[in-house]
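# Secondary and tertiary structure notes
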Amino acid sequence: MWFREEEAIKLDGLSVAQMKELHEKAEKHAFQAEVNRMMKLIINSLYKNKEIFLRELISNASDALDKIRFLSVTDKEALAANPDMNIKIKADKENHVLHITDSGIGMSKDDLINNLGTIARSGTSEFLTKAGENDAQMQDLIGQFGVGFYSAFLVADKVIVTTKNNDDEQYIWESDAHSFSIVKDPRGSSLGRGTTVSLHLKQEAYDFLEPDTLKDLIKRYSQFITFNIFLWSSKTEMVEEPIEDEEEAAEAEKAEDEEDEDVSIEEEKEAKPKTKEVEKTTWDWDLMNGSKPIWTRKASEVSDEEYVEFYKQFTKDMEEPMGKIHFTAEGEVTFKSILFIPKKSTSDLLQNYGKKMEHIKLYVKRVFITSDFEQMMPKYLAFIKGMVDSDDLPLNVSRETLQQHKLLKVIKKKLTRKALDMIKKISDEEYEEFWKEYSTFIKLGVIEDASNRTRLSKLLRFITSSGEETPSSLQSYVERMKDKQEHIYFMAGSSKEEVASSPFVERLLKRGYEVLYLVDPVDEYCIQAMPEFDGKKFQNVAKEGLKLGDSEKSKERKEAMEKEYEPLLTWLKETALKEKIEKAVISERLSDSPCALVASQYGWSGNMERLVSSQAYAKKNDPTQNFYLNQKKTLEVNPRHPLVKELLRRVETDQDDLTTQDLAQVLFDTATLRSGYSLKDHVGFAARIEKMLKLSMNVSPDEKVATTATATIIKTCTHARMHARTHLYVCMYICTYVRMYRYTRARAH
């Protein structure tokens, strides 16, 4: 080095008399009124996040180095005084002083007065207004309004700046936050070129003299600064040293003689000095930012291995990323970014959905600013990790608050588009794994992000009735649609087995139509948020509006059946189920089941009712929820089913018969269960089943319970033996619905 390290870093190598003389000769200056007020706010109001002072001072040093590097392009002599371009940090624990030295452009005497004694007009009023409104948020303003240097007073009660510019002599600037003084440095050009900021720390800030604290802060905020950052650090190692003490030498010689007693020495060995292994502490400059920012290079120049290494170091993840994208955005705001998709999702990612996730880090000129930005990425892409580095959000230049918010919105929009492009490019083999990990997030995105809904819909995958185990995309479904099929059919439930056995899909499957099986809780919400896909509208097969035959023959057959079953349909609507259904109609969707309950086009399906009712934070007696839950449904009957035919015959014969009314009630209850809804009258349902059991076993409905259990068992067994053959099928039919009811109740709870 062209100068001694100790002199370059040490601020005051002057005697007490010399220091006193300097203070007397120094020019005294008062801060501008606004600067004074601002520093009072910083010192008195900012209690949190004091550590950002180091980020600000390192950033200033980096800017100074950038300036001298720029000048050196046209002026070859600009670097002559000091060819090194780095930042050095040294802690003086004995005197409680922290030194930050750079070999940048330095400042002249006028620069010291103008740069450190005043503040740029732009943004000053906004800073003071903002600070006055909410002192608790002061830490978020540092670095946003051109006040970075003054953050030094968060931890120091006195700041001394020694600086040397190529066009001026070396000066010392000193301040206690109330006023400042400037004096020519009697040591001459000890820096050569550059600046040293020396902070005389407050007692509560002594922790910033600890090497581990400084290392952590440098790596957190400044690890990707372009210029090397060195920290004056110590390390302990074992070294060999000659033995000088005579007694120690004698003991060592004696030990060697004892070891060589049984060894025959035939030739003399050269005499070697006696040594011992001792622990020694050495001090040297330790490089803190060895990792260089790969995002500043072109994507074509970075290898896959470098991306993987950067990802593991950046995210602390042990596995390789599933996907990545490296791009530069230009336009209203220019920034560079690298985004990654982790191979595995963390266990608490969905539990913390909507909370702040610090997965996207914001850098300004490679200086880490924050990862606590809600606007940086939409909630449904919280699993994406990466960084953004923009030169359009300068750390040390003032900017308007509204302008800042606008730029962040632009960045968010571009990040979202690029993240979706990255997901789209995942290979088919890897996409299956991606869907297992992050499917819920994509579906939530369809619900929340209307502007990107079309892009997100192309990423959706669902199990279908096609028989394939691999989920199908909507695009693949559309390509497999039958001729003249106008809708994408879907059915929602709690499992694939439940949906596949639903009465709503019976006719569709028999006719060869493919049905989407929505078995995740969020699926039905997701599909409802999409009006259509590729020009095809969605049709919930559990709701009104399903039409399977538009031919003239189909219409004629349906009209004939409606005329034939009009007595039954009218009786069900106006008499038997008057308070329970909206209407009764002939069904086009049923094949094997006798009847089903169908919701209106804007009503809730059985699956939706179950989801809403099971919400832990649902409001009790919510008017909107009660409106949907109490909506009457349409009862669709299957005219080809024998039970429906028999019920029609009974209605035409004697519609006032109590047994006929009970049969209608039981059919309604079973339809409610098969359609995925829950029964409201459980006691009445059980009573009707018991009544039918008594009738099937020739037990009088009015017969009382026996006084002893034995008598009841004997009597029941006698009736069962006498009428088993006659009523076996009726019992089996009723018991089947009882089991179905119990199963549905257990699943609902």
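None of the values given here were measured: they were computed from a predicted structure.

Conventions we followed
- Residues numbered from 1 in each chain as written.
- Predicted model: local features only at pLDDT ≥ 70, side-chain atom pairs only at ≥ 80, totals over all residues.
- Heavy atoms only, no water.
- Helix = DSSP H or I, 4+ residues; strand = E, 2+ residues; numbered from the N terminus.
- Buried < 20%, exposed > 50% of the residue type's maximum accessible area, 1.4 Å probe, protein only.
- Areas by Shrake-Rupley, 256 points an atom, 1.4 Å probe, with all protein chains shown as cover.
- Phe/Tyr/Trp six-rings, centres within 6.5 Å; stacked < 30°, edge-to-face > 60°.
- Lys NZ or Arg CZ within 6 Å of the ring centre and 35° of its normal.
- Pairing = 2+ DSSP bridges.
- Axes fitted to C-alpha atoms, helices over the stretch in contact; angles between N-to-C directions.
- Contact = heavy atoms within 4.5 Å.
- Salt bridge = Lys/Arg side-chain N within 4 Å of Asp/Glu carboxyl O.
- Parallel < 35°, antiparallel > 145°, perpendicular 65-115°, else oblique.
- Core = buried A, V, L, I, M, F, W, Y, C linked by side-chain atoms within 4.5 Å.
- Expected span 1.5 Å × (residues − 1).
- Bend = angle between axes of the 7 residues up to and from the residue.
- Left-handed = near helix turned anticlockwise from the far one by under 90°.
- Nonpolar A, V, L, I, M, F, W, Y, C, P; charged D, E, K, R; others polar.
- pLDDT = per-residue confidence, 0-100.

Glancing now at the overall build of the protein. Helix and strand content of the protein: 24 helices and 23 strands. In the protein, which comprises 749 residues, the share counted as buried stands at 46%. Surface exposure of the protein reaches about 40,400 Å², of which carbon and sulfur atoms provide 49%.

Taken as a whole and assessed by the stated rule, the structure comprises 25 aromatic pairs. On the numbers, 5.7 Å between centres and 25° between planes, the contact of Trp173 with Phe180 is stacked. Accessibility classification places Trp173 together with Phe180 in one group, the buried group. Plain terms: the ring middles of Phe310 and Phe340 are 6.3 Å apart, the flat faces sit at 40° to each other, and that makes the pair tilted. Taken together, the residues span a long stretch of sequence, with Phe310 in helix H9 (residues 304–315) and Phe340 in strand S11 (residues 335–341) at a distance of 30 residues. The pair formed by Phe310 and Phe340 is uniform in burial state, with each residue classed as buried. One aromatic cluster is present, formed by Phe224, Trp295, Phe310, Tyr311, Phe314, Phe340 and Tyr363 through successive ring pairs. Looking at Lys361, its charged tip hangs above the ring of Phe314, at a distance of 4.8 Å from the centre. Lying over the aromatic face of Tyr513, Lys482 brings its terminal NZ or CZ to 4.7 Å of the ring centre.

In this section: the sheet that holds strand S22 (residues 595–598). Sheet architecture is open: three strands sit in the order S21-S23-S22, paired in mixed fashion. Whereas interior strands pair on both sides, the edge strands pair on one side only; in this sheet they are strand S21 (581–586) and S22. Taken over all neighbouring pairs, the strand axes of this sheet differ in orientation by 25° on average, direction set aside. Pairing geometry for S21 and strand S23 (residues 633–637), over five bridges, is parallel. By the bridge assignment, Ala584 is partnered in S23 with Leu635. The strands touched by helix H18 (residues 566–576) within the sheet are S21 and S23, with S21 carrying the most contacts at an inclination of about 170°.

Turning our eyes to something else, we now look at the pattern of salt bridges. The tally for this structure, following the rule as stated, stands at 27 salt bridges. Close ionic contact of Glu609 with Lys633 constitutes a salt bridge, the shortest N to O distance being 3.3 Å. Of this pair, Glu609 sits in helix H19 (residues 606–613) while Lys633 sits in strand S23; the two residues are 24 residues apart in sequence, bridging distant segments of the chain. Taking relative accessible area as the criterion, Glu609 reaches 10% and is therefore assigned buried. A salt bridge links Lys691 to Asp662, with the shortest nitrogen-to-oxygen separation between them at 2.8 Å. A residue pair is termed long-range when its members are at least 10 positions apart, and Lys691 in helix H23 (residues 682–696) and Asp662 in helix H22 (residues 658–674) qualify at 29 residues. Judged by its relative accessible area of 18%, Asp662 is buried.

Through backbone hydrogen bonds, the strands of a sheet pair up, either in parallel or in antiparallel fashion. Spatial ordering of the open sheet is given by S16-S15-S18-S17-S20-S19, a layout of six strands whose pairing is mixed. Two strands in the sheet have a free side with no partner beyond their single neighbour: strand S16 (472–473) and strand S19 (532–533).

Further remarks concern the packing of H18 against H22. Closest axis-to-axis distance for the H18/H22 pair is 12 Å, and the angle between their directions is 90°. The angle between H18 and H22 falls in the class roughly perpendicular. Residue-level contacts link Trp571, Leu572 and Ala576 of H18 to Thr660, Gln661, Ala664 and Gln665 of H22.

Nonpolar side chains tend to gather and get buried jointly when the protein is soluble and globular. The biggest cluster of nonpolar side chains holds 132 residues, and the ones touching the most others in it are Val159, Leu199, Leu339, Ile341, Phe383, Ile423 and Phe434. In this structure, Leu199 is in contact with Phe53, Leu57, His96, Val97, Leu98, Ile100, Ala152, Val155, Ala156, Lys158 and Val159, ignoring residues within four places of it in sequence. Counting residues in each nonpolar core, the second largest holds 24 residues, with Val637, Val644, Leu648 and Phe668 among its members.

Here the focus is helix H11 (residues 428–448). Under the 1.5 Å per step criterion, the end-to-end length of H11 is only 26 Å for 21 residues, more than 12% shorter than the ideal 30 Å. Of all the bends in H11, the largest measures some 75° and sits at Tyr438. All of the buried residues along H11 are Tyr431, Phe434, Trp435, Tyr438, Ser439, Phe441, Ile442, Lys443, Leu444, Gly445 and Val446.

When you tally the buried positions in H19, you get six out of eight residues, the bulk of the element. Among all positions of H19, only Gly606, Asn607, Met608, Glu609, Leu611 and Val612 are buried. Among the structural elements, strand S17 (487–492), helix H16 (523–528), helix H20 (623–629) and S23 are those in contact with the buried residues of H19.

Structurally, the position occupied by Leu154 is in the loop between helix H6 (124–133) and strand S4 (156–164). By relative accessible area, Leu154 is classed as buried at 3%.

As a packed pair, H22 and H23 sit with axes 10 Å apart at the nearest point and diverge in direction by 125°. Viewed along their axes, H22 and H23 adopt a mutual orientation that is oblique. For the crossing formed where H22 meets H23, the hand is left-handed. Packed against H22, whose contacting residues are Thr659, Asp662, Leu663, Gln665, Val666, Asp669 and Leu673, the element H23 presents Phe685, Arg688, Ile689, Lys691, Met692 and Leu695 at the interface. Grouping the constituent residues of the contact of H22 with H23 by class yields seven nonpolar, two polar and four charged.

Looking at the protein as a whole, its pLDDT mean stands at 80, while 78% of the residues score no less than 70. Throughout residues 1–11 the model reports pLDDT below 50, and contacts reaching past four residues in sequence, or to other chains, amount to 32 contacts. Segment residues 135–146: pLDDT under 50, and 41 contacts once partners within four positions in sequence are set aside and those in other chains are kept.

Our focus in this paragraph is the side chain of Thr416. Residue placement: Thr416 occurs in helix H10 (residues 401–424). When its relative accessible area of 3% is taken as the criterion, Thr416 is described as buried. In contact with Thr416, not counting residues within four places along its chain, are Met377, Pro378, Tyr380, Leu381, Asp449 and Asn452.

This part is about unusual backbone geometry. Glycine aside, the phi torsion of most residues is negative, and most peptide linkages are trans. For Lys484, which is not glycine, the phi dihedral falls at a positive 65°. Inspection of the secondary structure assignment puts Lys484 in the loop between helix H13 (474–480) and S17. With relative accessibility at 84%, the residue Lys484 sits in the exposed group. At Asp534, a residue that is not glycine, the phi angle is positive and equals roughly 55°. Considering the arrangement of structural elements, one finds Asp534 in the loop between S19 and strand S20 (536–540).

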